[in-house]
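# Coordinate inspection notes
Here are the chains, one letter per residue:
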Amino acid sequence: MLKFDWNFLIMLFNLVIFFVLMKVFLFKPITRVMEKRKEMINKQFQEADEANAQAQELKKQYEDKIENINDESQRIIGEAKENARVEASKIIERAEGDADKLLDEAKKQAIVERENEMRAARENIAELAMEAAAKVVGANVSDKTNSDIFDEFLNESSDGNESEN
């Protein structure tokens, strides 16, 4: 049988006191430290998630900016091409206008030179005709008569040329 021993009771009492002391002085502080540690770890995870979310937002903003920059560069390139096209057409129009003016001036100059050459040829023919007439008549006609004949010849040849044109 069991014998009741005071040692057993004292030992049991000591064990209960030891447990209470351990709970008060060891388990509670350790539990508090573990709770603080758990809160600190949870806070760090939360901060890391927030930092990750901020980083993702910044990444999205940068990607949007890059896309906007690409769109803007394409728009600027398009505008530059259109401006170059417009400027090229203006230059071509100006060059064509200048070429037309030069061509008109060349035609006018050619007409003037042709008329000058025709006039010079008529004068030469008139002089030759006067010399031939003087040789045929055998007499020297006065300068006034020569001048009148010469003018009449020029007028007749001019009238003939104008009716041909």
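Each value, and the rule that gives it
- Residues numbered from 1 in each chain as written.
- Predicted model: local features only at pLDDT ≥ 70, side-chain atom pairs only at ≥ 80, totals over all residues.
- Heavy atoms only, no water.
- Helix = DSSP H or I, 4+ residues; strand = E, 2+ residues; numbered from the N terminus.
- Buried < 20%, exposed > 50% of the residue type's maximum accessible area, 1.4 Å probe, protein only.
- Areas by Shrake-Rupley, 256 points an atom, 1.4 Å probe, with all protein chains shown as cover.
- Patch = residues over 30% accessible without salt bridge, like charges linked within 9 Å, V, L, I, M, F, W, Y side chains within 5 Å.
- Salt bridge = Lys/Arg side-chain N within 4 Å of Asp/Glu carboxyl O.
- Lys, Arg positive; Asp, Glu negative; His and termini not counted.
- Charge placed at Lys NZ, Arg CZ, Asp CG, Glu CD.
- Polar contact = N/O pair within 3.5 Å; in protein donor to acceptor, adjacent residues only side chain to side chain.
- Contact = heavy atoms within 4.5 Å.

Attention shifts here to the overall build of the protein chain. Regarding its fold elements, the protein chain presents 2 helices and 0 strands. Taking all 165 residues of the protein chain together, the buried fraction comes to 4%. Accessible surface computed for the protein chain: about 15,000 Å², of which carbon and sulfur atoms make up 60%.

A surface patch of like charges, here positive, comprises Lys23, Lys28, Arg32 and Lys36. Assignment of secondary structure puts Lys28 in helix α1 (residues 6–137).

Counted under the stated rule, the structure contains 4 salt bridges. For Lys60, the salt bridge goes to Asp64, with nearest N and O atoms at 3.5 Å. Of this pair, Lys60 and Asp64 both sit in helix α1, 4 residues apart, which is roughly one turn of the helix. A salt bridge links Glu82 to Arg85, with the shortest nitrogen-to-oxygen separation between them at 2.5 Å.

Residues Glu93, Glu96, Asp98, Asp100, Asp104 and Glu105 make up a contiguous surface patch of negative charge. Tracing the backbone through its elements, the reader meets Asp104 in helix α1.

Among the structural elements, Arg119 can be located in helix α1. Taking C-alpha positions, Arg119 is 8.4 Å from Leu154, a pair spaced 35 residues apart along the chain. A polar contact of 3.0 Å, which involves the side chain of Arg119, links it to the side chain of Asn116.

What follows is about the environment of Phe27. Checked against the element boundaries, Phe27 lands in helix α1. In this structure, Phe27 is in contact with Phe19 and Met22, ignoring residues within four places of it in sequence.

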